[in-house]
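# An overview of the molecular structure
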Amino acid sequence: MLEVAQLSLALSGRRLLHEIGFSARPGQITAIIGPNGSGKTTLLRALTGEVPALPLPGLRLSLNGHDIARTKPRILAQFRAVLAQSTQVAFPYTAAEIVRLGLDAGSGGAAPDLIDRLLAEVDLPGAGGRPYHQFSGGEQARVQLARVLAQARQPVTPEGPGWLFLDEPVASLDIGHQLMVMRIARSFADAGGGVVMVLHDLNLTAMVADQVLLMHAGRLLAQGRVDQVLTDALLGQAFGCPIRVGRAPASGPWILPQSAA
Amino acid sequence: MVALPLPRRPRPQASRSLPRPTPRLVTLLLVLLLLAVSVISLGTGAAGLRLTEILPALFGEGLDRRAEVILWDIRLPRLALGIVVGASLALSGALLQGLFRNPLADPGIVGVGAGAGLGAVLAIVLGGLLPPAIAAWTGLHLVPFAAFLGGLGVTLLLYRLATRGGQTSVALLLLAGIALAAFAGAATGILIYMADDRQLRDLTFWSMGSLAGASWAKLGGALPLILPAMIAAPFLARGLNALALGEAQALHLGIRVQAMKRLAVFVTAAATGAAVAVSGGIGFIGIVVPHLLRLFAGPDHRALLPQSALLGAALLVAADMIARSIVAPAELPIGIVTACLGAPVFLWILLGRRGLTGL
């Protein structure tokens, strides 16, 4: 369980987050959406302890009951893995060496072929020996995803449910691989883990999210199920343009850019 | 309608795996290399004493007095000092490069070497002003000690400058290091301007680096700094590997980033300061050795750190052998040899492997 209350954050004197409060349950996918500069990535960085929250009264930020600001990184790493928007690697490590970093940080045993299997799972079969620098941007993103999956290889750990925090995991991927990432997130949640991710694509959000957090100007404008948050009024208010949420007969909500005229 | 042939998607030429030897094999080869270079080095020297004459003495068999003195008081301490200094310089280079996530970081670049140099020059030029009692007490240890303090001072100052609210900015650390190196260099220049002729010659030789004047005492003075550094270094390997992905990612991989960086800074200062103190400015070992190993054996610090120490030691012993024999019975400062060997190798690496190293 991720519990957040009265979470505010300032960087260089500028308030970026205002009194955020919500909770995310294991077994669910929580999507953070919102316009550019609304604080999605900042919120994710605060949730992972990367940037300290303002110590205001009532602040609460805990994961599986651990106060994130006070828990040793080594302990957190055993049940939580974090994927950044993009990762620069300093030296010519191979894909397998990158994935191994996640393997070493996570907890629990691992099958000897886990690295190869994970690389195959992100559609890079047999690429373990290739140097990271020679992959394309989208391939690099998938290598990093495999590393994160290696770290969170158990959706349920001895420390409680495992957690994936993903910052725009589909940003540099083609549509096929976007769906692949969504499938991976779904099966992690279905197996008992928790997923919190920043998404830009409202259609993907509608497709996979169990809970949606809509950010606007550093505040949580709305939270709830897809049908509660992805509404004409709320999206229009957040994104500053008229948006009509459509509904195809056989599936969930979908959004046409043309309907924003 | 005409169907245009689609251009064939260019297959990246290096989609094949890197042909890398296993870490254990590389380490084994490096140990053999160091052993071989050491044995040859023991048999090389101005006295013309051959290996066949010297080896039996190592195993306690009788040698004449002269050969015994040459072996135990000249060649062996010099070999040991070469191994220790070479290992320290290469290890500090590998640590700093990992810490700064930059294959071009080097103790010489971030000012640690310049700080140590300033300390040494201060001691050489102003040492004569010390009261005789203190001068007698410090004796030959004055210059090395001052060099070590200078290196440590720069490292601590650098760390303080670049750290805000517990977070160290690597960019700030690098840039502040360049500024500090320039400042230490300027201060050194002023001191050199003040120096007399005899001091100038001392300075020149010290700044070019040399293993001449090696003794067990000198080695003993450096070991209390270098041994802890060597012992602590392997504990940094996992953290440095994670840090290659960035500070935030290292944190999420379970590394206490600030503590790890602080330890890396201290280990580097100790190893560099001690090495510069006993041998002067020996360049290029710290930058060429880890670079070569990363290219041919891989960047994993768990292997890279010990292998850097081994290759650095072997390379410095070999360079010292060249320095001693090329103009025998005189000898070149070893810094000239390492620069002549190291600079072209470094350029070659840069030019030939540009795409691979991400430079």
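Before reading on, note that the structure itself is shown above.
Calculation notes
- Residues numbered from 1 in each chain as written.
- Chains lettered and ligands numbered in written order.
- Predicted model: local features only at pLDDT ≥ 70, side-chain atom pairs only at ≥ 80, totals over all residues.
- Heavy atoms only, no water.
- Contact = heavy atoms within 4.5 Å.
- Buried area = accessible area lost by both parts, 1.4 Å probe.
- Salt bridge = Lys/Arg side-chain N within 4 Å of Asp/Glu carboxyl O.
- Polar contact = N/O pair within 3.5 Å; in protein donor to acceptor, adjacent residues only side chain to side chain.
- Helix = DSSP H or I, 4+ residues; strand = E, 2+ residues; numbered from the N terminus.
- Nonpolar A, V, L, I, M, F, W, Y, C, P; charged D, E, K, R; others polar.
- Axes fitted to C-alpha atoms, helices over the stretch in contact; angles between N-to-C directions.
- Parallel < 35°, antiparallel > 145°, perpendicular 65-115°, else oblique.
- Left-handed = near helix turned anticlockwise from the far one by under 90°.
- Buried < 20%, exposed > 50% of the residue type's maximum accessible area, 1.4 Å probe, protein only.
- Pairing = 2+ DSSP bridges.

## Side note on the interface of chain B and chain A
With 33 residues of chain B at the contact, the number on the chain A side is 33 residues. For the pair chain B and chain A, the two sides together bury roughly 2,700 Å², of which 61% comes from carbon and sulfur. Applying the counting criterion to the chain B and chain A interface returns 2 salt bridges. Taking the shortest distance from any N to any O, the salt bridge between R302 of chain B and D104 of chain A comes out at 3.6 Å. Our enumeration of links across chain B and chain A arrives at 10 residue pairs in polar contact (both at pLDDT 80 or more). Looking at the side of chain B that touches chain A, the elements that each hand over two or more residues are α3 (65-100), α10 (237-243), α11 (247-252), α14 (301-325) and α16 (354-357) of chain B. Looking at the side of chain B that touches chain A, its residues break down into 13 nonpolar, 12 polar and 8 charged.

## Some thoughts on the packing of helix α4 (residues 114-121) of chain A against helix α5 (residues 137-151) of chain A
Residue and element names in this part refer to chain A. Closest axis-to-axis distance for the α4/α5 pair is 9 Å, and the angle between their directions is 130 degrees. When the axes of α4 and α5 are compared, the pair comes out oblique. Seen from above, α4 lies across α5 with right-handed handedness. From α4, L118, L119 and E121 reach across to α5, where they touch A146, L149 and A150. For the contact of α4 with α5, the class distribution of residues is 5 nonpolar, no polar and 1 charged.

## Focus: unusual backbone geometry
Residues and elements named next belong to chain A. Although it is not a glycine, S12 adopts a positive phi angle of roughly 45 degrees. Relative to the helices and strands, S12 resides in the loop between β1 (2-11) and β2 (14-24). On the basis of relative accessibility, which here comes to 81%, the residue S12 falls in the exposed class. A positive phi is found at D123, a non-glycine position, where the angle reads about 65 degrees. Along the chain, D123 turns up in the loop between α4 and α5.

## Structural notes on the side chain of Q151 of chain A
By the secondary structure assignment, Q151 of chain A is in helix α5. Given the relative accessible area of 3%, Q151 of chain A is considered buried. One polar contact links the side chain of Q151 of chain A to the main-chain carbonyl oxygen of H252 of chain B, over a distance of 2.9 Å. Once residues within four sequence positions are removed from consideration, Q151 of chain A is found in contact with A77, R80, A81, G102, L103, A105, G106 and S107 of chain A together with H252 and L253 of chain B.

## Describing the pairing of β2 of chain A
Residue and element names in this part refer to chain A. Note that β1 and β2 share 7 bridges and pair antiparallel. Following the sheet pairing, L9 is matched in β2 by L17. Hairpin connection of β1 to β2: 2 residues between the antiparallel strands, including S12 at a positive phi of 45 degrees.

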